[in-house]
Structure formats: C-alpha cells, structure tokens
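# Commentary on secondary and tertiary structure
The lines below spell out each chain.
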Amino acid sequence: MIRFAALPVLLTGTLSTAMAASDMAGMDHSQMPGMDASTLQTMDDGGMQPAAPTESRTPIPALTDADRAAVFNSPGGHKVHNSAVHTYFLADKLEWQDADDASVLAWDVSGWIGGDTDRLWLRSEGERSNGRTEDAELQALWGHAISPWWDVVSGVRQDFKPGAPQTWAAFGLQGMALYNFEAEATAFLGEGGQSAIRLEGDYDILLTNRLILQPTAELNVYGQNDPQRGLGAGLANTEAGLRLRYEIRREFAPYIGVTWNRTYGNTADFAREEGEDRSETRLVLGVRLWF
C-alpha cells in the first residue's frame, strides 16, 4: 500500500521535469542576457562553462614617470655627472726585481682627482738599482671621458733619468676594451724633434675570487736616435710580465711573477756598448694596492 501511495508523487515529478526540458528546448538562448555566439558555441561543444575573457575586467594603469623614479631611485652612491670631486690612487707595481747584475726596485703608480667627465691624471714609473735611480718619469694629464669606458688625455711628461731631464708633450687614449682589457696608447713630442709612442695593456684572470693572474705588456717606439739616453729609432724595447697576486683585501694584494725585457735595433746596439744584455728575464716580488 505504501508503494502505490508514492506513485502519484513520482509521476508528478517526472512530468514536471519533462515539461521543463521541453520549455528549455524551445527557448531562444541568444536573447538571454550575457549570451552571445561564442558562449553558445562553448555550450554546444559539450560544456556549460562560459568562454574565458580576453581582456582584464580591471585595466592595468600605464606606467608614469613617478613609477619609474620610484623603481630606479638609488639611496646610496652619487649621481652620474654631478659636480662632486673624487680621488683614486693605484700602485699597480711596487716590486723588487732580481736582475742579472743587481737588485732593482721598480714602481708604476697612477691616480686621478676630478669628477665623472673631467679628471687630472698623474702617472709615474721608474727603477732604482744599487741605490741609484736609473729610470724615472712623471706625467700630468687632463682626461676627458668620451664614453663610459674611454678617456682622451693630454698634458706633459717629464723624464728625470736616464740622461739629462727632458720634457714631452703628451696626448693619447686610455680605457677598458672588451672583456675588461685595460689599455693605454700615448704619443709624445719631445725636445729637439724627438717623438715616441707607448702602448700598454693588462688583463686580470680570476683563478679564484681572490687569486688573480695578471698578464701585462708594454711597447715603446721612438722617432729618432738619442745616444745620450741609449734610445734608438724605431721599436726600442718591450716588456712582458706575468704576475700572480692574492687579494688579502681588495685594496691590498702581494704578488709574485716574472718579466721578460728585450731591446731592439739601435737601442740594442747602445745597450751592448754599455755591456748590457739584449734580453733579460727577471723574477719579481711586490705588492699592489689602491685607495
């Protein structure tokens, strides 16, 4: 009796569902709010999910100058091309050299004072052997930046040894080439029509974070013979070096190395007359520092 009593209710529910389905089939879905062709296509393909939106409902605002300034503002350092004056000093070589006939103390130092674009450069290099200064020079150059990595320089060079003091006008180019190769090319015009060109370069090879191998090279060419100073026209001399330093601090690094010195042409003839060798290999011990 219970089963027959529930039968009218089941029949009523089934009939209502069939009538609702019939009404849905006869409806024009394209007229419903929010329904378009793409939505109906998605429904016909077997899903009732609406198509994904192609645009953000909340548009992203365009970047402003204030947004860019907030991102790239640096709280430290100094602004590029400002008027502040800065200084830098580098003793690239302060070393003892084991020459064939004597112990030699050699130096190669440089420094500058100025801003980001214009600077006063000071360079000095030389050698002392057996307590006597054998070679010494000082350069004072004005440098102007022509790119982030290159400066043009011009000024004067004063030779104190060898021979009598001599003054040169100097101009050249210095900077950093590809792969952090430091380079200098300087031309000189001296007294009595003498001229010279010097090319220098060095490169740091990081073996570890603090152990650095530095190859160096220098080449000097002169325009005419100068017997008083033992210099001949043409390629006069070259020096190649290999120094291994350990940076105890970035500003302080002892090193050990070796250099190869060679003279050519008339310069070699002058050296032979003085009883000097045409080529020489030296062991070097020194320290490199900057601040």
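No experiment lies behind these values; they were computed from the predicted model shown.

### With respect to the environment of Glu239
Structurally, Glu239 can be placed in strand β11 (residues 234–246). Along the chain, Glu239 and Ser279 lie 40 residues apart, while their C-alpha atoms are 9.7 Å from each other.

### Quick word on the pattern of salt bridges
On inspection of all chains with the given rule, the structure shows 19 salt bridges. Note that Glu137 and Arg157 form a salt bridge whose closest N and O atoms lie 3.5 Å from each other. Taken together, the positions of Glu137 in strand β4 (residues 132–145) and Arg157 in strand β5 (residues 150–161) put the pair 20 residues apart, joining distant regions of the chain. Take Glu137: its relative accessible area is 6%, and that puts it in the buried class. Note that Arg282 is salt-bridged to Glu280, the shortest N-O span being 3.3 Å. Considered together, Arg282 and Glu280 belong to a single accessibility category, that of buried residues. The network of salt bridges with shared partners includes Glu125, Glu137, Arg157, Asp159, Arg198 and Glu218.

### A word on the environment of Glu125
Mapped onto the fold, Glu125 is located in strand β3 (residues 118–129). Here the alpha-carbon distance between Glu125 and Asp159, two residues 34 residues apart in the chain, equals 10.0 Å. Not counting residues up to four positions away in its chain, the partners in contact with Glu125 are Trp107, Asp108, Asp135, Ala136, Glu137, Arg198, Glu200 and Glu218.

### Comments concerning the layout of surface pockets
Its volume calculated, the second largest pocket comes out at about 1300 Å³. Taken together, 47 residues make up the lining of the second largest pocket; nearest its centre are Leu90, Trp121, Gly175, Met176 and Glu182. Counted by class, the lining of the second largest pocket contains 17 nonpolar, 11 polar and 19 charged residues.

### What about the confidence of the model for the chain?
Summarising the model, the chain shows a mean pLDDT of 84, and 77% of its residues fall at 70 or more. Helix α1 (residues 2–25) is the least confidently modelled element of the chain, averaging 47 in pLDDT, while strand β10 (residues 211–222) averages 98, the highest of any element. Counting interchain partners and residues more than four positions distant, the pLDDT-below-50 stretch residues 1–12 has zero contacts. This stretch, residues 17–22, has a pLDDT under 50; its non-local contacts, to residues over four places away or in other chains, come to zero contacts.

### Notes on a negative patch on the surface
A cluster of acidic side chains, namely Asp98, Asp100, Asp101, Glu273, Glu274, Glu276 and Asp277, defines a negative patch on the protein surface. Among the structural elements, Asp101 can be located in the loop between β1 (86–98) and β2 (103–114). By relative accessible area, Asp101 is classed as exposed at 71%.

### Description of the side chain of Glu200
Considering the arrangement of structural elements, one finds Glu200 in strand β8 (residues 195–203). The side chain of Glu200 is buried and forms no salt bridge, while Arg198, the nearest opposite charge, is found at 4.6 Å. Apart from the residues within four sequence positions on either side, Glu200 is in contact with Asp108, Glu125, Glu182, Ala183, Glu184, Ala217 and Glu218.

### Comments concerning the packing of aromatic side chains
Under the criterion given, the structure shown has six aromatic pairs. Residues Trp112 and Trp121 carry aromatic rings whose centres are separated by 6.4 Å and whose planes lie at 50 degrees to one another, so their mutual orientation is tilted. Trp112 sits in the buried class, given a relative accessible area of 14%. Between Trp168 and Phe188, the aromatic rings sit 6.2 Å apart at their centres with planes inclined by 75 degrees, giving edge-to-face as the arrangement. Here Trp168 is found in strand β6 (residues 166–177), whereas its partner Phe188 is found in strand β7 (residues 181–190), with 20 residues between them in sequence. The class of Phe188 is buried, set by a relative accessible area of 2%. Connected via pairs of aromatic rings, a cluster forms that spans Tyr88, Trp112, Trp121 and Trp290. In this structure, Arg119 packs its charged tip against the face of Trp112, placed 3.7 Å from the ring centre.

Reading the values: rules and limits
- Residues numbered from 1 in each chain as written.
- Predicted model: local features only at pLDDT ≥ 70, side-chain atom pairs only at ≥ 80, totals over all residues.
- Heavy atoms only, no water.
- Helix = DSSP H or I, 4+ residues; strand = E, 2+ residues; numbered from the N terminus.
- Salt bridge = Lys/Arg side-chain N within 4 Å of Asp/Glu carboxyl O.
- Buried < 20%, exposed > 50% of the residue type's maximum accessible area, 1.4 Å probe, protein only.
- Contact = heavy atoms within 4.5 Å.
- 1 Å grid on protein atoms, 1.4 Å probe; cavity = no way out; pocket = protein on both sides within 12 Å on 5 of 7 lines; lining within 4 Å.
- Points joined across faces, edges and corners; volume = space filled by probe spheres on them.
- Nonpolar A, V, L, I, M, F, W, Y, C, P; charged D, E, K, R; others polar.
- pLDDT = per-residue confidence, 0-100.
- Patch = residues over 30% accessible without salt bridge, like charges linked within 9 Å, V, L, I, M, F, W, Y side chains within 5 Å.
- Areas by Shrake-Rupley, 256 points an atom, 1.4 Å probe, with all protein chains shown as cover.
- Lys, Arg positive; Asp, Glu negative; His and termini not counted.
- Charge placed at Lys NZ, Arg CZ, Asp CG, Glu CD.
- Phe/Tyr/Trp six-rings, centres within 6.5 Å; stacked < 30°, edge-to-face > 60°.
- Lys NZ or Arg CZ within 6 Å of the ring centre and 35° of its normal.

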